[in-house]
Each structure stands twice: as structure tokens, then as C-alpha cells.
Amino acid sequence: MTISATLRDEVRRRAGFACEYCGVTETEAGAELTIDHFLPTSKGGADTPNNLVYCCARCNEYKQDYAPETASDPVLWNPRLEPASRHLIEAEDGLLYPLTEIGAFTIQRLRLNRPALVARRLQRRQEHDALVWLA
């Protein structure tokens, strides 16, 4: 991967220093996250901003070099093209539920309901509710 430091910083800032798939921040991870090629370079993907996704090591590991190879293969949600809310919804229990087939495949492939992620979503909701209550 030949991504310049300038491009890497652009991708990090654009993502708000958090995984564009699951939302884990650099602070929570204790380090910078990884740069993922949404369309892997092994399948023709380029080192362009629209093909680069900032993501945590786990999401990158679970995604691997996935890209649909036929029209019948499932499609993964691309955070560079659409908001998560088009495909996923977060329930009161912190679990993500699919709104579309893309959402279902993304939740399954990236394991977006990992226990630590669910716990963090619940913690964020509690923090948000506490701030709203104080306001």
C-alpha cells in the first residue's frame, strides 16, 4: 500500500478519527486505526480517497479482501457512498439490526454485534442521555 502521509491524514480526519464501519475511535483503540481499500487492490481498487475507508483492525480483519465477484454475491455497505442509517438501525439493547440485505450482510461479515461493540453503544447512549438530562 503506497498511501502518502497526507492522504492518510485526510482519510483519518474525514472519518472523525473513528472506524467508518463500527465507530470505534482511535482513543478507544489506543492507537491509530488502519486504512482499508473498500475495493481491494487485488481486485482492481485504487489508492484514491473514495476507495479508502478508515477502520479498526477487527473490521479490517473480518472484511479481508471481500468484494462481490458475481451479481448474485452479497454486497457490503460502503461508508464512502451511503450513510449507515440507510442499511442499519441501532436498537435500545445496543444491537444493530439490518434494514436491507446490504445491512444484513455487513452486520454478519464484519461482526458488528460483537459484545464489546454492543457494550460501547450502550455506554455511549447512557452518556448521551446523561448529557441531555443535564441540559
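Just so you know, these numbers come straight off a predicted model, no measurement behind them.

Points about unusual backbone geometry
No. 1: With a phi angle near 55°, Q64 is a residue other than glycine that sits in the positive phi range.
No. 2: Residue position: Q64 is located in the loop between α3 (57-63) and β3 (88-90).

A word on the nonpolar core
No. 1: Core analysis: the largest hydrophobic core is formed by 28 residues, its most contacted members being C19, Y21, C22, C59 and L112.
No. 2: Counting only elements with at least two residues in this core, the list comes to α1 (5-14), β2 (52-55), α3 and α4 (101-110).
No. 3: Ranked by residues supplied to this core, first place goes to β2 with four residues.

A closer look at α4
No. 1: When α4 is considered as a whole, its buried residues turn out to be G103, F105, T106, I107, R109 and L110.
No. 2: Turning to α4, the residues buried within the fold contact α3, β3 and β4 (96-98).
No. 3: The distance from a side-chain oxygen at the start of α4 to the backbone nitrogen of I102 is 3.3 Å, and the residue carrying that oxygen is T100.
No. 4: Note on α4: the residue one or two positions beyond its end, R111, has a positive phi of about 55°.

Let's talk about the packing of aromatic side chains
No. 1: Scanning the model with the defined rule gives two aromatic pairs in all.
No. 2: Look at Y66 and F105: their rings are 5.1 Å apart centre to centre, the planes differ by 50°, and that puts the pair in the tilted class. Separated by 39 residues along the polypeptide, Y66 in the loop between α3 and β3 and F105 in helix α4 bring together distant segments of the chain. You'll find Y66 and F105 in the same group, each marked buried.
No. 3: The ring of F38 carries the charged tip of K63 above its face, separated from the ring centre by 5.6 Å.

Points about α1
No. 1: Turning to α1, its buried residues are L7, V11 and R12. Projected down its long axis, α1 shows its buried positions confined to an angular sector of 140°, all on one face. Away from its buried face by more than 90 degrees, α1 exposes A5, T6 and R13.
No. 2: Of the residues one or two after α1, G16 is the one with positive phi, at around 70°.

Structural notes on a nonpolar patch on the surface
No. 1: On the surface, a nonpolar cluster with roughly 280 Å² of combined accessible area is contributed by I89, Y97 and L99.
No. 2: Relative to the elements of secondary structure, Y97 occurs in strand β4.
No. 3: What makes Y97 partly exposed here is its relative accessible area of 37%.

What counts as what
- Numbering of residues starts from 1 in every chain and runs along the sequence as written.
- The model is predicted, so local features are restricted to residues of pLDDT at least 70 and side-chain atom pairs to those at 80 or more, both for listing and for counting; the totals for chains, interfaces and linings are taken over all residues.
- To get the side-chain values, all heavy atoms of the structure are used, and hydrogens and water are removed first.
- The way it works is that DSSP assigns letters per residue, a run of H or I at least four long becomes a helix, a run of E at least two long becomes a strand, and they are numbered from the N terminus.
- For our purposes a nonpolar core is just a set of buried Ala, Val, Leu, Ile, Met, Phe, Trp, Tyr and Cys residues, chained together by side-chain atoms within 4.5 Å.
- To sort residues, take the accessible area from a 1.4 Å probe on protein chains only and compare it with the maximum for the residue type: under 20% means buried, over 50% means exposed, and anything in between is partly exposed.
- Here, two residues are considered to be in contact whenever any of their heavy atoms come within 4.5 Å of each other.
- Definition of a polar contact: a pair of N or O atoms within 3.5 Å, with one able to donate and the other able to accept a hydrogen when the atoms are protein atoms, and with sequence-neighbouring residues admitted only if both atoms are side-chain atoms.
- Between the rings of Phe, Tyr and Trp (Trp by its six-membered ring), a pair exists once the centres lie within 6.5 Å; its type follows the angle of the planes, with under 30 degrees stacked, over 60 edge-to-face, and the other angles tilted.
- Charge-over-ring placement is defined geometrically: NZ (Lys) or CZ (Arg) within 6 Å of the ring centre, and within 35 degrees of the ring normal.
- Throughout, the arc means the angular range of directions from the helix axis out to the C-beta atoms.
- Distance thresholds for patches are 9 Å for like charges and 5 Å for nonpolar side chains (Val, Leu, Ile, Met, Phe, Trp, Tyr), applied to residues having over 30% relative accessible area and no salt bridge.
- Accessibility throughout is a Shrake-Rupley quantity obtained with a 1.4 Å probe, and a residue counts as covered only by protein chains that appear here.
- Counted as salt bridges are all cases of a side-chain nitrogen of Lys or Arg within 4 Å of a carboxyl oxygen of Asp or Glu.

It is worth stressing that arrangement in space is one thing and function is another; only the former is reported here.
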